[in-house]
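# Results of the structural survey
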Amino acid sequence: MKVFIDIDTQIDFVFPAGALYAPGAERVIPKVAALNRYAAKHGIPVISSVCAHTEDAGEFKVWPPHCIVDTVGQKKPAATLLAAGQYIVEKNELDIFSSAEFVPLLERLDADECSVYGVLTEYCVKCAILGLLKTGRKVKLFTDAIHALDPQAGAAVIAEFVAAGGNLVPLPFDLQEE
Ligand SMILES: [Zn+2]
């Protein structure tokens, strides 16, 4: 089964007013929204990871507080939400594999091909794509729907992903037509 994995597209990261906004990240929102709708239309489950931090999260020693449970910034932009077929996986660390729900969910969905997009390329997207490759699954990355804080670091992650057997793919539709 193919699955789409939408990484951390949350208000605190992708909107200029967000607590840990990555400049320019808002450009991925229409693409992520269109990918999620495309998946729903084609019966492809969408796994959406979200940071859901407690106020004393370990990450806040490194990063400003963000994505605290029950705050607006922790929510996903409405355009990226689906009425059905979307599995929200909450995590308190960068890595989606830190969620105890994630691998059992992949297994339950019989996911053997994972197409990944979201933010940020050199942090949470990196953990997801390299971790998924290590599980032996086929992994695709929608490079038009990811965003890096540091473009050079993002490019290095993409190169590492390809060297490890990952595939870079274009959006499966013309955005204007969706
Ligand atoms: Zn976080």
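Refer to the structure printed above.
What you see is a predicted model, and the numbers here were worked out from it, not measured in a lab.

## Observations concerning helix 4 (residues 121–134)
Within helix 4, the axis deviates most sharply at Cys 127, by approximately 30 degrees. Among the 14 residues of helix 4, 10 are classified as buried, and the element is accordingly described as predominantly covered. Within helix 4, burial applies to Thr 121, Glu 122, Tyr 123, Cys 124, Val 125, Lys 126, Cys 127, Ala 128, Ile 129 and Leu 132. On its buried face, helix 4 is in contact with strand 1 (2–7), strand 4 (113–119), strand 5 (138–147) and helix 5 (151–163). Phi turns positive, to about 90 degrees, at Gly 136, one or two residues after helix 4.

## As for helix 2 (residues 28–41)
Helix length check: helix 2 (14 residues) gives 20 Å between terminal C-alpha atoms against 20 Å at 1.5 Å per residue, within 8%. Listed in full, the buried residues belonging to helix 2 are Val 28, Ile 29, Lys 31, Val 32, Ala 33, Ala 34, Leu 35, Asn 36 and Ala 39. Phi turns positive, to about 70 degrees, at Gly 43, one or two residues after helix 2.

Here is what the cut-offs are and how they apply
Residues numbered from 1 in each chain as written. Predicted model: local features only at pLDDT ≥ 70, side-chain atom pairs only at ≥ 80, totals over all residues. Bend = angle between axes of the 7 residues up to and from the residue. Helix = DSSP H or I, 4+ residues; strand = E, 2+ residues; numbered from the N terminus. Buried ≥ 20, exposed ≤ 12 C-beta atoms within 10 Å, placed from the backbone. Contact = placed C-beta atoms within 7 Å. Expected span 1.5 Å × (residues − 1).

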